[in-house]
Amino acid sequence: MTRFDVAPGPAADARADLLLLPVFQGPAPGPGVNEAATALGVDAADLLSRHGLAGRLGDELVIESFGRLPASVVLFVGVGPAEDAGPGAIREAAMRAARRASSFESVATTLAQAGGRRGARLVESAGAVVEGLVLGRYRFDRYRSAPPHDGGEADKADRLSRFTVLVPAADRTTARAAVRRAESVASATNWARDLVNTPAADATPADLAAECRRLAKEWELTCRVWSRPDLEREGFGGILGVGRGSANEPRLVELSYAGGGRARPIAITGKGITFDSGGLSLKKPAEMEWMKSDMAGAATAMAVLRAAAELRLRVNLIAALPFAENLPGGAALRPGDIVRHRNGKTSEVVDTDCEGRLVVADALAYLAEKRPAALVDSATLTDAAGLGESLWAAMGNDASLVAEVVAAGQDAGDPGWALPLPGEYRRHLKSSVADLRNAPADAPDTTLTAAMYLAEFPGDVPWVHIDNGSTAYLERATDTWPKGATGSPTRALVRWLEGRAGRR
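Residues numbered from 1 in each chain as written. Predicted model: local features only at pLDDT ≥ 70, side-chain atom pairs only at ≥ 80, totals over all residues. Heavy atoms only, no water.

Engineer: Looking at this structure, how should I read the pattern of salt bridges?
Structural biologist: Side chains that differ in charge, positive against negative, can pair when their charged atoms come close. Inspection of the entire model under this criterion finds 34 salt bridges. Close ionic contact of arginine 56 with aspartate 59 constitutes a salt bridge, the shortest N to O distance being 4.0 Å. For arginine 56, a relative accessible area of 45% puts it in the partly exposed group. Linked by salt bridges that have partners in common, Arg91, Glu131, Arg181, Arg491, Arg495 and Glu498 make up one network. (Salt bridge = Lys/Arg side-chain N within 4 Å of Asp/Glu carboxyl O. Buried < 20%, exposed > 50% of the residue type's maximum accessible area, 1.4 Å probe, protein only.)

Structural data, given as structure tokens:
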């Protein structure tokens, strides 16, 4: 376990195995670089240029101190242009350096000072350093009998036990609070990544319901698990219908956190399809390969509840998490079948691979009955309107709420993009035998039509739908993220809730 600390003092005096120092694009020495270079007996500018370190994000230079510094090794990392070196750039630089840094037992860094020398900007950057470090260190090795051997940083054991963020003495107290907050949020995000990366055989609806119970016990949440008889009695036809083809029966889990006194609750849900074969509308094998990730929306909601409880946010939260496995068993939904949802509306199921919206619809209808102040869902329904792996899509029935959630994501380094929800698209979901159909009759099934379907269920409650189909699980590694789960949009929603808590 790593202990994160905040300390004042010159970088050249920091007692750690590794000293991590920032370099601006140019190159130009960042905070602590000149002092360390002087102790090493070299000119900083000459050192950087001689080794070709331009200071771009991703640039690195490792040198031995040979006893001239308390730290045995110095790692210079690029943070990009000085004028852009805010918390976002600092977070990314820390993520990129995390694997190398984690091979040392102790690390000290001035990275936060590159994002701001004093005050609020420095404090936020201190949190960004730790958040980036925790996210960048993430590994999913639960099923490995031995570590990989590809010659990269991933081969090295994670030895990090102490990580110190160097800041001016005047900012130490507020920076320490930012570091604690960042550690909590990043750890919750990594927990969501663990849930999503877990094979579907070990993350059935019953398994995830049990995980919710453990979460509730650890963080003093209220938890209720609805099994199949409960769902039948209470009219959750979408969840029941999707789960019909699997031997693993569906569940609905209700979690709540009470931190906001008498304030109206905020409601959260997310798609919890523990594996999606497409049902009778069977996917191709290559499309199924990563469908264990189709419960990333529910994992996000679980992580948000955990972070809110750990941070003791002054809000009241209620989550309804629908878990089901979409398999083509003998009892599976057939194209043409009709399901009746919690709010009484009926859906003609024309495509059993459009199952996520069926279960989220039930959860939205149930949460709307609670009359929350706001209702947010995240679901891997589509490819997020072609926005790629860097942006989730946001739509809803309240433009100001959509803008609020998108702004929170931008601040958190977990960004999304607002899309319209044109009312005329509702015509594509008309059914001749039910209230609506679960896929368009005469148009492509897009992010917008999927959201338009869900819009039938929140009623007049302010609602935002987040499609994280492209951001929640990466099929290929990027410069900062490995292949697999990212935890998105956990950090965005925690930041949004923090803003809501601040209104009180």
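Engineer: Is there a simple way to think about the side chain of asparagine 197 in this case?
Structural biologist: Position of asparagine 197 relative to the elements: it lies in helix α6 (residues 172–197). Polar contacts involving the side chain of asparagine 197 include one to the main-chain amide nitrogen of alanine 485, which spans 3.1 Å. Not counting the four nearest positions on each side in its chain, asparagine 197 is found in contact with Tyr138, Phe140, Lys292, Tyr473, Gly484 and Ala485. (Helix = DSSP H or I, 4+ residues; strand = E, 2+ residues; numbered from the N terminus. Polar contact = N/O pair within 3.5 Å; in protein donor to acceptor, adjacent residues only side chain to side chain. Contact = heavy atoms within 4.5 Å.)

Engineer: Which parts of the structure should I look at to understand the sheet that holds strand β18 (residues 436–437)?
Structural biologist: In space, the three strands of this open sheet follow the order β13-β14-β18, with mixed pairing throughout. Two strands lie at the open edges of the sheet, namely β13 (337–340) and β18, each paired on one side alone. With four bridges joining them, β13 and strand β14 (residues 346–349) adopt antiparallel strand pairing. Among the inter-strand pairings, valine 339 is bridged to a residue of β14, identified as serine 347. (Pairing = 2+ DSSP bridges.)

Engineer: Sorry if this is basic, but what is going on with the packing of aromatic side chains here?
Structural biologist: Note on aromatic pairs: each is described by the distance of the centres and the angle between the planes. In the structure shown here, the tally under the stated rule is seven aromatic pairs. Seen from their ring centres, tryptophan 290 and tyrosine 473 are 5.8 Å apart, and the 10 degrees between their planes marks the pair as stacked. Residue tryptophan 290 is located in the loop between α10 (285–288) and α11 (296–311), and its partner tyrosine 473 is located in strand β20 (residues 473–474); the two are separated by 183 residues in the primary sequence. Tyrosine 473 carries the same exposure label as tryptophan 290, and that label is buried. Cluster of aromatic residues (ring-pair linked, three or more members): Trp226, Phe236 and Tyr366. (Phe/Tyr/Trp six-rings, centres within 6.5 Å; stacked < 30°, edge-to-face > 60°.)

Engineer: Teacher, can you tell me more about the nonpolar core here?
Structural biologist: Among soluble globular proteins, nonpolar side chains are generally buried collectively. Judged by nonpolar contacts, the single largest core of 62 residues is most densely connected at Leu317, Leu321 and Trp496. Once you skip the residues sitting within four places of it in the chain, leucine 321 turns out to touch Cys212, Arg251, Leu252, Val253, Leu255, Thr269, Gly270, Ala298, Ala301 and Met302. (Core = buried A, V, L, I, M, F, W, Y, C linked by side-chain atoms within 4.5 Å.)

Engineer: Help me understand the environment of leucine 160 in this model?
Structural biologist: Locating leucine 160 in the fold gives a position in the loop between α5 (119–136) and β7 (162–166). Accessibility expressed as a relative area gives 4% for leucine 160, which makes it buried. With near-sequence residues (within four places) excluded, leucine 160 lies in contact with Met1, Thr2, Ala101, Ser102, Phe104, Glu105, Ser106, Val107, Leu133 and Arg137.

Engineer: Where do I start with unusual backbone geometry in this structure?
Structural biologist: Residues glycine 26 and proline 27 are joined by a peptide bond in cis, for which omega reads 0 degrees. Tracing the backbone shows proline 27 in the loop between β2 (18–24) and β3 (28–29). A cis amide bond links serine 488 with the next residue in sequence, proline 489, at an omega value of 10 degrees. Take proline 489: it is sitting in the loop between β21 (484–485) and α15 (490–501). Although it is not a glycine, arginine 312 sits at a positive phi angle of roughly 55 degrees. With respect to the element layout, arginine 312 can be found in the loop between α11 and β12 (316–326). With relative accessibility at 71%, the residue arginine 312 sits in the exposed group. Positive phi, close to 55 degrees, is recorded for arginine 371, a residue that is not glycine. Note that arginine 371 resides in the loop between α12 (356–368) and β15 (374–379). The exposure class of arginine 371 is partly exposed, given its relative accessible area of 42%.

Engineer: Which parts of the structure should I look at to understand the environment of valine 74?
Structural biologist: Along the chain, the position of valine 74 falls in strand β5 (residues 73–78). Judged by relative accessible area, which is 0%, valine 74 ranks as buried. Taking the C-alpha atoms as reference, valine 74 lies 5.8 Å from valine 62; in sequence the two are 12 residues apart. Residues within four places of valine 74 in sequence aside, it is in contact with Leu18, Leu19, Leu21, Leu61, Val62, Ile63 and Leu69.

Engineer: Looking at this structure, how should I read helix α3 (residues 87–101)?
Structural biologist: Because the α-helix completes a turn every 3.6 residues, residues three or four places apart line up on one side. At methionine 95, α3 shows its largest kink, close to 30 degrees. Buried within α3 are the following residues: Pro87, Ala89, Ile90, Arg91, Ala93, Ala94, Met95, Ala97, Ala98, Arg99 and Ala101. (Bend = angle between axes of the 7 residues up to and from the residue.)

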